[in-house]
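Secondary and tertiary structure notes
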Amino acid sequence: QVQLVESGGGLVQAGGSLRLSCAASGGAFSTYAMGWFRQAPGKEREFVAAISRSGGAIDYADFVKGRFTISRDNAKNTVYLQMNSLKPEDTAVYYCAADPQDSYYNTIIYEYAYWGMGTQVTVSS
């Protein structure tokens, strides 16, 4: 069973940065496409960023392009989300997810099989 544990969330002022990490265990991490999603209070969970198995293919939601960077280290079984120029509207619980079926990146939330518990990101104005 794949387990995903996010870390790195916290409280930051607008314009600041955070780096989220997601450590995977119990599976073949290098064979999974990975993604980051977020859910703000009262809203549905939404796609943020995704990365292919090798890290060679990446996609972002339009609202984070140019500000967030997804990366992975298959040797460390970890995927990262570097978040810069944070805005109050980025406040949400951020989740990482694993898709064992795809080698390419995947933006479709319901196709991800494994999820972490999430880490809270709060951006103050």
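We now turn to the structure provided with this report.

Criteria and thresholds
Residues numbered from 1 in each chain as written. Predicted model: local features only at pLDDT ≥ 70, side-chain atom pairs only at ≥ 80, totals over all residues. Heavy atoms only, no water. Phe/Tyr/Trp six-rings, centres within 6.5 Å; stacked < 30°, edge-to-face > 60°. Helix = DSSP H or I, 4+ residues; strand = E, 2+ residues; numbered from the N terminus. Buried < 20%, exposed > 50% of the residue type's maximum accessible area, 1.4 Å probe, protein only. Lys NZ or Arg CZ within 6 Å of the ring centre and 35° of its normal. Salt bridge = Lys/Arg side-chain N within 4 Å of Asp/Glu carboxyl O. Pairing = 2+ DSSP bridges. Axes fitted to C-alpha atoms, helices over the stretch in contact; angles between N-to-C directions. Contact = heavy atoms within 4.5 Å. Polar contact = N/O pair within 3.5 Å; in protein donor to acceptor, adjacent residues only side chain to side chain.

1. Overview of the packing of aromatic side chains
Scanning the model with the defined rule gives six aromatic pairs in all. Seen in terms of ring centroids, Phe37 and Phe47 are 5.8 Å apart; in terms of plane orientation they differ by 70 degrees. Their pairing is edge-to-face. Placement of Phe37 in strand 4 (residues 33–39) and of Phe47 in strand 5 (residues 46–51) is noted, with a sequence separation of ten residues between them. In this structure Phe37 comes out as buried when scored by relative accessible area, which is 0%. Through a chain of ring-to-ring contacts, the aromatic side chains of Phe37, Phe47, Tyr112 and Trp115 assemble into a single cluster. One cation-aromatic arrangement involves Arg45 over Tyr95; the distance from NZ or CZ to the ring centre is 3.7 Å. The ring of Phe29 has Arg72 sitting right over it, with the charged end atom 4.5 Å from the ring centre.

2. A few points about the pattern of salt bridges
Following the criterion strictly, the structure yields four salt bridges and no others. Notably, a salt bridge pairs Arg38 with Asp90, separated by 2.9 Å at the nearest N-O pair. With Arg38 in strand 4 and Asp90 in the loop between strand 8 (78–83) and strand 9 (92–99), this pair connects stretches of sequence that are 52 residues apart. Here Arg67 and Asp90 are joined by a salt bridge, their closest N and O atoms 2.7 Å apart. With a gap of 23 residues between them, Arg67 in the loop between strand 6 (58–60) and strand 7 (68–73) and Asp90 in the loop between strand 8 and strand 9 connect regions that are remote in the sequence. Take Arg67: its relative accessible area is 10%, and that puts it in the buried class.

3. With respect to the sheet that holds strand 1 (residues 3–7)
The sheet built from four strands is open, its strands ordered 1-3-8-7 with antiparallel pairing. The two strands at the open ends of the sheet, each matched to only one other strand, are strand 1 and strand 7. Pairwise comparison of adjacent strand axes, ignoring direction, gives a mean angle of 15 degrees for this sheet. As judged from the six bridges shared by strand 7 and strand 8, these two strands associate in the antiparallel manner.

4. A word on the pairing of strand 4
Across a regular strand the side chains alternate sides, sitting on one face of the sheet and then on the other. In terms of burial, strand 4 is largely enclosed, as six of its seven residues are buried. Pairing between strand 4 and strand 9: seven bridges, direction antiparallel. By the bridge assignment for strand 9, Arg38 is matched with Tyr94. Across five bridges, strand 4 lies against strand 5 in antiparallel orientation. Looking across to strand 5, one finds that Gly35 is bridged to Ala50. Here strand 4 folds back onto strand 5 in antiparallel fashion, the turn holding six residues, of which Gly42 has a positive phi close to 80 degrees.

5. Comments concerning the environment of Asn106
In this fold, Asn106 is placed in the loop between strand 9 and strand 10 (114–115). By relative accessible area, which is 5% here, Asn106 ends up buried. When the C-alpha atoms of Asn106 and Tyr94 are compared, they prove to be 17 Å apart, with twelve residues separating the residues in sequence. Residue contacts for Asn106: discarding those within four places in its chain leaves Phe47, Ala50, Asp99, Glu111 and Tyr112. A distance of 2.9 Å separates a polar atom in the side chain of Asn106 from a polar atom in the side chain of Asp99. At a separation of 3.3 Å, a polar atom in the side chain of Asn106 contacts the side chain of Asp102.

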